[in-house]
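Given next are the chains, with one letter for each unit.
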Amino acid sequence: MGLSQISDQWWSLFHLYNTLGWAVGIVVLGLLVYILIRYRHRPGAAEPEDAPKGGVIPSERGSAAGAILLTLIVTGILFPLTVYTISTVDLIEHPPEKGTIVVKVEGFQWGWKFTYPNGKQLVGELRIPAGEVVIFEVRSSDVFHNFGVVDFKVKADAIPGKVIKIWIDPLKTGTYLIRCFEFCGVGHPLMTAKVVVMEPREFGQWYGKR
Ligand SMILES: [Cu+2]
């Protein structure tokens, strides 16, 4: 947590879906086990009165009020989830208007090349300052690749002839993994790079004048 705005939102969305998934799973499996025990076959014992009969549709179909209530509860859960999910995708796909650094990212068989606004180039390593917005313009010089900055939870296709923008705002210094997420030939498993998030002052010394 606290790695970037997008990864924070991604994780809170993940925990929300994970918690709901567990809650639904426990209720469904709990009911299943309860029913298996309650209506199990007991030699000699009479069937419970409310036991379902094979091939017979129960005449009691529940109440309309119950059906409406359940529909409202399900909608009340799913609608906010949809809105939250769409807003997260929207955040990832729309870089802030004023990006401080725009780095051109070029995928090739098999590696990643990074070009900075001042012409500096790096292959296999991306250096960026902490606390700033970094926009990536992702492209490819040969086949389809996919540029994924794993811990920051962003990914973009690298497609020849196309430029796709994604962004991150790293808040913590450190070294993180970049890798290709689209099978692109025999070298694909080795198509990684690292992103080094530096103290702004240290980055400035390396980068020079902006
Ligand atoms: Cu690849």
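The text that follows walks through the structure, step by step, so that each part is easy to find. (Residues numbered from 1 in each chain as written. Predicted model: local features only at pLDDT ≥ 70, side-chain atom pairs only at ≥ 80, totals over all residues. Heavy atoms only, no water.)

## Digging into the environment of R127
Structurally, R127 is set in strand β4 (residues 125-129). Sequence-wise, R127 and A51 are 76 residues apart; in three dimensions their C-alpha atoms are separated by 67 Å. The residues contacting R127, other than those within four sequence positions of it, are Y116, L122, V196, M198, F203 and W206. (Helix = DSSP H or I, 4+ residues; strand = E, 2+ residues; numbered from the N terminus. Contact = heavy atoms within 4.5 Å.)

## Considering the coordination of the copper ion
Ideal geometry at a metal gives 109.5 degrees between four tetrahedral donors and either 90 or 180 degrees between six octahedral ones. For the copper ion, the protein coordination sphere consists of C180 (SG), E182 (O), C184 (SG) and H188 (ND1), at 2.1 to 2.6 Å. Considering all four donor atoms around the copper ion, the spread of angles at the metal, 83 to 136 degrees, places the coordination shape in the irregular class. Mapping the donors of the copper ion onto the primary sequence gives the spacing C-x1-E-x1-C-x3-H. A relative accessible area of 30% means that E182 is categorised as partly exposed. Take C184: its relative accessible area is 6%, and that puts it in the buried class. (Donors = N, O, S within 2.8 Å, 3.2 Å for Na, K, Ca; no water. Tetrahedral: all angles 85-135°; square planar, octahedral: opposite > 155°, others 65-115°. Buried < 20%, exposed > 50% of the residue type's maximum accessible area, 1.4 Å probe, protein only.)

## Points about a nonpolar patch on the surface
Judged by side-chain polarity, L69, L70, I73, V74, I77 and L78 come together as a nonpolar surface patch covering roughly 540 Å² of accessible area. Take L70: it is sitting in helix α2 (residues 64-93). On the basis of relative accessible area, L70 is assigned to the exposed category, the value being 54%. (Patch = residues over 30% accessible without salt bridge, like charges linked within 9 Å, V, L, I, M, F, W, Y side chains within 5 Å. Areas by Shrake-Rupley, 256 points an atom, 1.4 Å probe, with all protein chains shown as cover. Salt bridge = Lys/Arg side-chain N within 4 Å of Asp/Glu carboxyl O.)

## Structural notes on the pattern of salt bridges
Under the counting rule described, the total for this entry stands at three salt bridges. The salt bridge involving R127 is made with E125; its shortest N-O contact spans 2.7 Å. A salt bridge links K194 to E125; the shortest N-O distance between them is 3.9 Å. Residue K194 is found in strand β10 (residues 192-198), and its partner E125 is found in strand β4; the two are separated by 69 residues along the sequence. Using a relative accessible area of 38% as the deciding quantity, one classes K194 as partly exposed. Each of the salt bridges in this network shares a partner with another, and the network as a whole consists of E125, R127 and K194.

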